[in-house]
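# Report on the structure
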Amino acid sequence: MCLGVYGRVLGVTGELAVVDFGGGLTKEVLVGVEDVKGGDYVVVHAGVIVSRLSEKDFAQVFSILEEAARRIGENNQEAMKYLERVRVRLKEKTEATHLAGGDVDRP
Amino acid sequence: MAHAKDLRTLTKSVFRDGVLAGEIVKMINDYWEQVKLKETSVVKIMNFCGTHEYASTHYGIRSVLPPGVELVAGPGCPVCITPSFYVEAAVKLAIEGVTVYTYGDSYKLPAVKAVDGCRSLSDARMMGHDVRVVYSFLDAARDAATHKKPSVFLAVGFETTCPAYASAISNNLVPPNLTLIMAGRLTPPAAKYSVERVGKVSGVIAPGHVSTITGAGVWRFLPEEYGVPAVVAGFEPLDVLIAIALILRQILEGEPRLEIEYSRTVTWEGNRKAKALLERYFEVVDAAWRGIGFIERSGLAFREEYSDLDAFRVYGIREPSREEWRHDLLPGCICGQVILGSAKPSDCKMFMKACTPGTPYGPCMVSTEGACSIWARMGGSGVVLEV
Ligand code: SF4
């Protein structure tokens, strides 16, 4: 039951929020976190918003890897090369996703 | 009209990318070559959570790991560890005319003892009793409010799920005819139990969504008390691969610590609102885990002032004490060992013979997060990296 579904909040009324799960599926769920507002990306579990998705921290995970490679890279050139390739690919992927627009904001 | 960055699309695009996965697999191999020189034994990494087991199996992660790096399942499937007694009590109440609500996952959960020929809530429904499958507790509360008949909810779940109960209660959404069979369980005590009782675990991939509630900090005891590296990870294939790489790095450096890989949603302190709600309605008690037994301070029970919500209180059902607890798996089922990472589903003689997802014999074959069910549906260790 660690299953969580990512969704986007369409609107909040008191302790209830309507969340868009994509594919035309929307559902009313309980607000289980502080200060949720329309447009937020959230993790929903068993009908409750349990967490928010943060874009700010999105790439942080790769910086953990970078740091890892830097340490091991002192005597391992290969690790640094992986990381460089990871960085380039990550940039490509995120830029491609953004250019594609992903979800389109309703006017 | 502006284009928004859709974090869902971005997550899938990045965290399921085959090229990135390939690079991280190379990194894992590289670390492993160096770890091998230090460690004589295999490195055994526990996927604490059923959803990690799902990701590992579904994406064939075992098939791309070096032979010495072993991924084992852990006790993180709440349906698998819900004591048989709770299912028997729910079935009995259904037979007595109470409307029973359950999640789809626990609907087929087989009990050890049949009640009037019914071994599960699905059997009870087939016998014409009022058992209703719902997506959420909120749906059950709303439905129960419409018919006003005596009703219970089989409230299984870990820290991620239990705020759903507390939140609905605090918002006065639970009608007076609905009570809960409170089967909530806490994951850190079970992780502690696993590392104490089950041989050597070299690292733990700690549950991501549980940690959104508890905060990653609850896993500090793993490195600090047991010297076991721990990484709180997400559920995409890259999340799991990165967690493995980080654990290997910690082993290599000889510095076990706790890291958050799933930083896009997990913080150190967790969800304050949900934690406060849990604290308000529930107290922490010693509790039974199916196939394992009692684990200290691992369960949630209603506080005295909210006991009118407790189905066992309302219907006069007494839970077995620690002394009265009996092993609650059917003969031959080795779920207890599977969820503690000491056996693989395929080690069980019943696996895909007497026990299949269509006709589950043991609890780990029921839930989509049960290790046996995952192995049955995905073909064991998986051979293809589907990224
Ligand atoms: S295959 Fe079935 S009987 Fe065997 S351990 Fe898994 S759930 Fe239990």
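Residues numbered from 1 in each chain as written. Chains lettered and ligands numbered in written order. Predicted model: local features only at pLDDT ≥ 70, side-chain atom pairs only at ≥ 80, totals over all residues. Heavy atoms only, no water.

To continue, consider the packing of aromatic side chains. Residue and element names in this part refer to chain B. Within the structure shown, the criterion is met by 14 aromatic pairs over all chains. Considering the side-chain rings of F85 and F312, the 5.8 Å spacing of their centres and the 80° angle between planes classify their relative orientation as edge-to-face. Separated by 227 residues along the polypeptide, F85 in helix α6 (residues 84–95) and F312 in helix α16 (residues 311–314) bring together distant segments of the chain. Given a relative accessible area of 23%, F85 falls into the partly exposed group. The exposure class assigned to F312 is buried, which follows from its relative accessible area of 7%. Centre to centre, the rings of W219 and F221 are 6.4 Å apart; their planes meet at 35°, and the pair counts as tilted. For the residue pair W219 and F221, the accessibility class agrees, reading buried in each case. Every member of this aromatic cluster is reached through a ring pair, and the members are F48, W219, F221 and Y226. (Phe/Tyr/Trp six-rings, centres within 6.5 Å; stacked < 30°, edge-to-face > 60°. Helix = DSSP H or I, 4+ residues; strand = E, 2+ residues; numbered from the N terminus. Buried < 20%, exposed > 50% of the residue type's maximum accessible area, 1.4 Å probe, protein only.)

Residue and element names in this part refer to chain B. In this structure the tally under the stated criterion is 1 disulfide over all chains. Through a disulfide, C77 is tied to C80; the S-S separation comes to 2.2 Å. With the S-S dihedral at roughly 75°, the linkage between C77 and C80 falls on the right-handed side. (Disulfide = S-S within 2.5 Å.)

Of all 9 residues that make up helix α10 (residues 162–170) of chain B, 8 are buried, and the element is covered over most of its length. The complete set of buried residues in α10 of chain B reads C162, P163, A164, Y165, A166, S167, A168 and I169 of chain B.

Turning to the pairing of strand β2 (residues 16–20) of chain A, a few remarks are in order. Residues and elements named next belong to chain A. For β2, the tally of buried residues reaches 4 of 5 residues, placing the bulk of the element in the interior. The hairpin formed by strand β1 (residues 5–13) and β2 contains 2 residues between the paired strands, and G14 there has a positive phi angle of roughly 60°. The hairpin turn running from β2 into strand β3 (residues 26–31), its antiparallel successor, is 5 residues long, and G22 in that turn takes a positive phi close to 85°. (Pairing = 2+ DSSP bridges.)

Let us now look at the site of the ligand. As a matter of local geometry, the ligand sits amid C333, I334, C335, C348, M350, F351, C355, Y361, G362, C364, M365 and C372 of chain B. Residue composition of the shell around the ligand, grouped by class: 11 nonpolar, 1 polar and no charged. (Near = heavy atom within 4 Å. Nonpolar A, V, L, I, M, F, W, Y, C, P; charged D, E, K, R; others polar.)

The next thing to look at is the sheet that holds strand β7 (residues 203–206) of chain B. Residue and element names in this part refer to chain B. Here we have 5 strands laid out as an open sheet, ordered β2-β1-β7-β8-β9, and parallel in their pairing. One side of each edge strand has no neighbouring strand; the edge strands of this open sheet are β2 (69–76) and β9 (258–260). When strand polarity is set aside, the average angle formed by the axes of neighbouring strands in this sheet is 20°. By the bridge criterion, 3 bridges tie strand β1 (residues 43–49) to β7 in an arrangement that is parallel. In the strand pairing of β7, N47 is matched with I205. With respect to the sheet, helix α14 (residues 237–253) is in contact with β1, β2, β7, β8 (230–232) and β9, its orientation differing from that of β7 by roughly 150°. (Axes fitted to C-alpha atoms, helices over the stretch in contact; angles between N-to-C directions. Contact = heavy atoms within 4.5 Å.)

Quick look at the sheet that holds strand β4 (residues 41–45) of chain A now. In sheet architecture, strand pairing relies on hydrogen bonds along the backbone and comes in two forms, parallel and antiparallel. Taken together, the 5 strands give a closed barrel; going around it, the order is β1-β2-β3-β5-β4 (chain A), and neighbouring strands pair in mixed fashion. Between one strand axis and the next, the sheet turns through 55° on average, direction left out of account. With 5 bridges connecting them, β1 of chain A and β2 of chain A associate as antiparallel partners. Bridging from a neighbouring strand, R8 of chain A pairs with D20 of chain A of β2 of chain A. Contacts from helix α1 (residues 7–15) of chain B reach β1, β2 and β4 of chain A within the one sheet, and its direction differs from that of β1 of chain A by about 170°.

Residues and elements named next belong to chain B. Running from N to C, helix α2 (residues 18–38) and α14 point in directions that differ by 25°, and their axes come no closer than 9 Å. As judged from the angle between their axes, α2 and α14 are roughly parallel. Crossing geometry of α2 relative to α14 is assigned as left-handed. Residue-level contacts link L20, A21, I24, V25, I28, Y31, W32, Q34, V35 and K38 of α2 to L238, L241, I242, I244, A245, L248, R249, I251, L252 and E253 of α14. Counted by class, the contact of α2 with α14 contains 16 nonpolar, 1 polar and 3 charged residues. (Parallel < 35°, antiparallel > 145°, perpendicular 65-115°, else oblique. Left-handed = near helix turned anticlockwise from the far one by under 90°.)

A few words now on the environment of A301 of chain B. All names here are of chain B. Secondary-structure assignment places A301 in strand β11 (residues 293–302). Among the residues examined, A301 registers a relative accessible area of 23% and is labelled partly exposed. C-alpha of A301 to C-alpha of I181: the two residues are 120 residues apart in sequence and 9.5 Å apart in space. Excluding its chain neighbours within four sequence positions, the residues that come into contact with A301 are Y281, F282, E283 and V285.

These values are about where atoms sit, not about what they do.
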